[in-house]
Amino acid sequence: MQVIQTRDYENLSEKVAGIIFDQLKGQPDSTLGLATGSTPVGTYQLLKKQPEHFIEATTFNLDEYVGLKESHPQSYRYFMQEKLFNTVPVKASYIPNGSATDLQEECKLYEQKIQASGGIDLQLLGLGMNGHIGFNEPGTPFDSRTHVVELAESTRQANARFFNHLDEVPTQAITMGIETIMEAKKIVLLVSGNEKVQAFDRLFRGEIEEKFPASILRTHPNITVVHDL
Ligand code: GLP
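Let me begin by describing the structure that accompanies this report. (Residues numbered from 1 in each chain as written. Predicted model: local features only at pLDDT ≥ 70, side-chain atom pairs only at ≥ 80, totals over all residues. Heavy atoms only, no water.)

## A look at the environment of A160
By secondary structure assignment, the location of A160 is in the loop between α5 (153-159) and β8 (172-175). Sequence spacing of A160 and P170 is 10 residues, and the spatial spacing of their C-alpha atoms is 9.6 Å. Each residue touching A160, except ones within four places of it in the same chain, is listed here: L166 and V169. (Helix = DSSP H or I, 4+ residues; strand = E, 2+ residues; numbered from the N terminus. Contact = heavy atoms within 4.5 Å.)

Laid out in structure tokens, this is it:
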């Protein structure tokens, strides 16, 4: 596990954008795994400055809420469009369809698409305060694949800041599973802000256990943690 401590959020975003540009310079047709949440936003702003690197890249997002249309401002499809894809012309971008009529089938198809693209070369990840990665909440089996999850109340509350009211936060989501994430050839975990200090500590010092999903990342052969704590 490589750990990069940065001065501040701006510096963190520069480092992560640098890692992504290096990946694409070495392998322009890389498959990138992307994350939402507030942490990667600064990175995406920097990626927008050099969109030419992305023409051959394929992207897969980690997760999506169930029940929000793509046009809903809090859907992750909308978020990614605003934060990245409106300027960065990737070859193809995949996000689970949380409005699919058959959600189980959608999960299966998503896994197949990842496999068909040759697997994820570089996966960006944020860290939930309860240790969730993607939307894999505490207790999710380490061998899980893309699946539908019931969101933890604490996650809904943490994400309520983006909605008008807690009641509007969906109760379910589709997320890549922990095993799906762990199959990425390289992982870059972004951790920013004081509210993540406890989770960050537990990541390094706690047990590797399903109660704290991010703990499994310690066993990944090629992971870089970039933080500003
Ligand atoms: C959200 C997302 C995760 C994200 C995490 C942290 O619920 N589903 O993919 O990494 O929570 O978000 P933030 O970066 O805003 O702290």
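## Here we look at the site of the ligand
Taken together, 13 residues are adjacent to the ligand, and S38, T39, D63, R161 and K196 come closest. Here G134 contributes a backbone N or O atom positioned 3.4 Å from a nitrogen atom of the ligand. By residue class, the composition of the shell around the ligand is 3 nonpolar, 7 polar and 3 charged. (Near = heavy atom within 4 Å. Polar contact = N/O pair within 3.5 Å; in protein donor to acceptor, adjacent residues only side chain to side chain. Nonpolar A, V, L, I, M, F, W, Y, C, P; charged D, E, K, R; others polar.)

## A few points about the sheet that holds strand β4 (residues 63-65)
Taken in spatial order, the 3 strands line up as β4-β8-β7 in an open sheet, and their pairing is antiparallel. Looking at which strands have only one partner, the edges of the open sheet turn out to be β4 and β7 (147-150). Strand-to-strand twist across the sheet, computed as the mean angle between neighbouring axes with direction ignored, equals 25 degrees. Where β7 and β8 come together, 4 bridges link them in antiparallel fashion. Each bridged residue has a counterpart across the sheet, and for V149 the counterpart in β8 is A173. Strands β7 and β8 of the sheet are contacted by helix α4 (residues 103-116), whose axis makes an angle of about 125 degrees with β7. (Pairing = 2+ DSSP bridges. Axes fitted to C-alpha atoms, helices over the stretch in contact; angles between N-to-C directions.)

## Side note on the nonpolar core
By size, the foremost hydrophobic cluster in this structure holds 27 residues, and its most contacted members are L125, M176, I181, I187, L189, A214 and L217. Broken down by secondary-structure element, the contributors of at least two residues to this core are α4, α6 (178-182), β9 (186-191), α7 (197-205) and β10 (223-227). With near-sequence residues (within four places) excluded, M176 lies in contact with F60, N61, L62, Y110, I114, I120, Q123, N136, R145, T146, H147 and I181. Counting residues in each nonpolar core, the second largest holds 26 residues, with A17, V41, Y44 and A57 among its members. (Core = buried A, V, L, I, M, F, W, Y, C linked by side-chain atoms within 4.5 Å. Buried < 20%, exposed > 50% of the residue type's maximum accessible area, 1.4 Å probe, protein only.)

## Focus: the packing of aromatic side chains
Each aromatic ring pair is specified by the distance between its two centres and by the angle formed by the two planes. Considering all chains together, one arrives at 9 aromatic pairs under this definition. A ring pair is formed by F60 and Y110, whose centres lie 5.6 Å apart and whose planes are at 80 degrees; its orientation type is edge-to-face. Of this pair, F60 sits in strand β3 (residues 58-61) while Y110 sits in helix α4, and the two are 50 residues apart along the sequence. The exposure classification of F60 matches that of Y110, with both residues buried. Summarising the aromatic geometry, the rings of F200 and F204 are spaced 4.9 Å apart at their centres and angled 65 degrees between planes, so their arrangement reads as edge-to-face. Of this pair, F200 and F204 are both found in helix α7, 4 residues apart, which corresponds to roughly one turn of the helix. When its relative accessible area of 29% is taken as the criterion, F204 is described as partly exposed. Through a chain of ring-to-ring contacts, three or more aromatic side chains come together here, namely Y65, Y76, F79, F135 and F163. Just above the ring of F79 sits the side chain of K83; from NZ or CZ to the centre is 5.7 Å. (Phe/Tyr/Trp six-rings, centres within 6.5 Å; stacked < 30°, edge-to-face > 60°. Lys NZ or Arg CZ within 6 Å of the ring centre and 35° of its normal.)

## Some details on the pattern of salt bridges
Evaluated as defined, the whole model comprises 9 salt bridges. E105 is the salt-bridge partner of K108, the closest N and O atoms lying 3.8 Å from each other. Remark: E105 and K108 occur in helix α4; sequence separation between them is 3 residues, near one turn of the helix. In this structure, the salt-bridge partner of E209 is R202, at a minimum N-O distance of 3.1 Å. Accessibility expressed as a relative area gives 35% for R202, which makes it partly exposed. Residues joined in a network through salt bridges with shared partners are E111, R145, E179 and E183. (Salt bridge = Lys/Arg side-chain N within 4 Å of Asp/Glu carboxyl O.)

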